[in-house]
Amino acid sequence: MNFYKFVIYLFRGFCKVFYRYEIIGAENIPNEGNLVIASNHKSNLDPVFLAASILNREIAAVAKKELFDIKILGFILKKLNVIPINRDKPDVSTVKKILKAVKNGYVLGIFPEGRRVKGEEFGDAKAGLALFAVKSKADVVPVTIISSYKIFKKTVVYMGEPISLEQYYGKKLNNDEYEKISQDILDVIKDNYYKYSK
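**A closer look at the packing of aromatic side chains**
Phase 1 of the analysis: Inspection of every chain in the model, using the stated rule, returns 10 aromatic pairs.
Phase 2 of the analysis: Ring geometry for Tyr 193 and Tyr 194: centres 5.6 Å apart, planes at 80°, overall edge-to-face.
Phase 3 of the analysis: One aromatic cluster is present, formed by Phe 14, Phe 18, Tyr 19, Tyr 21, Phe 49, Tyr 149 and Phe 152 through successive ring pairs.
Phase 4 of the analysis: Positioned over the ring face of Phe 122 is Lys 42, at 4.2 Å from the centre of the ring.
Phase 5 of the analysis: Taking the ring centre of Tyr 193 as reference, the NZ or CZ of Lys 42 above it sits at 5.4 Å.

**Some words on helix H6 (residues 175–196)**
Phase 1 of the analysis: Over its 22 residues, H6 extends 31 Å from the first C-alpha to the last, a length consistent with the 32 Å expected when each residue adds 1.5 Å.
Phase 2 of the analysis: Of the positions making up H6, those classed as buried are Tyr 178, Ile 181, Ser 182, Gln 183, Ile 185, Leu 186, Ile 189, Asn 192 and Tyr 193.
Phase 3 of the analysis: The secondary structure elements touched by the buried residues of H6 are strand E2 (35–39), helix H5 (128–135), strand E6 (139–146) and strand E7 (156–159).
Phase 4 of the analysis: Sitting at the head of H6, Asn 174 places a side-chain oxygen 3.1 Å from the backbone nitrogen of Asp 176.

**So, the layout of surface pockets**
Phase 1 of the analysis: Considered as a void within the structure, the largest pocket measures approximately 1,300 Å³ in volume.
Phase 2 of the analysis: Contributing elements (two or more residues each) for the lining of the largest pocket: helix H1 (3–19), helix H2 (46–52), strand E3 (59–64), helix H3 (71–79), strand E5 (107–110), H5 and H6.
Phase 3 of the analysis: Per-class residue counts for the lining of the largest pocket are 29 nonpolar, 7 polar and 9 charged.
Phase 4 of the analysis: What the second largest pocket holds in volume is close to 190 Å³.
Phase 5 of the analysis: In terms of lining residues, the second largest pocket is bounded by 13 residues, among which Ile 146, Ser 147, Ser 148, Tyr 193 and Ser 197 are the most central.
Phase 6 of the analysis: Looking at the lining of the second largest pocket, its residues break down into 5 nonpolar, 4 polar and 4 charged.

Each value, and the rule that gives it
Residues numbered from 1 in each chain as written. Predicted model: local features only at pLDDT ≥ 70, side-chain atom pairs only at ≥ 80, totals over all residues. Heavy atoms only, no water. Phe/Tyr/Trp six-rings, centres within 6.5 Å; stacked < 30°, edge-to-face > 60°. Lys NZ or Arg CZ within 6 Å of the ring centre and 35° of its normal. Helix = DSSP H or I, 4+ residues; strand = E, 2+ residues; numbered from the N terminus. Expected span 1.5 Å × (residues − 1). Buried < 20%, exposed > 50% of the residue type's maximum accessible area, 1.4 Å probe, protein only. Contact = heavy atoms within 4.5 Å. Polar contact = N/O pair within 3.5 Å; in protein donor to acceptor, adjacent residues only side chain to side chain. 1 Å grid on protein atoms, 1.4 Å probe; cavity = no way out; pocket = protein on both sides within 12 Å on 5 of 7 lines; lining within 4 Å. Points joined across faces, edges and corners; volume = space filled by probe spheres on them. Nonpolar A, V, L, I, M, F, W, Y, C, P; charged D, E, K, R; others polar.

Take a look at the structure:
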């Protein structure tokens, strides 16, 4: 068992014991093919919940580069395929690294809002989600995390059906258009949040 799988199984055990973890829609994660998973982000626990929800593929997540300034954390994140990104102005080399990860079979994990938005509210989606999905010709699975983040309270991870962005392949899109596509996906995540959190 490699380091990634070892940590993911630890994450899953942690989630099941302390957060009564339930996954709905795991069958929507195909065993192969270019794929992006997009999720709401309300707590620092979300990356753990997200990683623990997928056992049939390895995730390459995108995280703010500041996390890598902490040496031991940066070392672990790299071992877990996490890609550092400047959230305000991603450089070309980072974009290329992300696209390469998807083409190499990793599932790209991304939070469309680009930051934590606590409580019942949601932020605006950034262009990155759609940009990475369209450029890598990947389907997007909208993932909704429903949790109070209180210990021993139930957490549900709902995985929706894959969304194809094939209609945008090969088109020249501007930032506003990418943001609109990302927002449409975030709206699906948001709708599922309000639907299943009742």
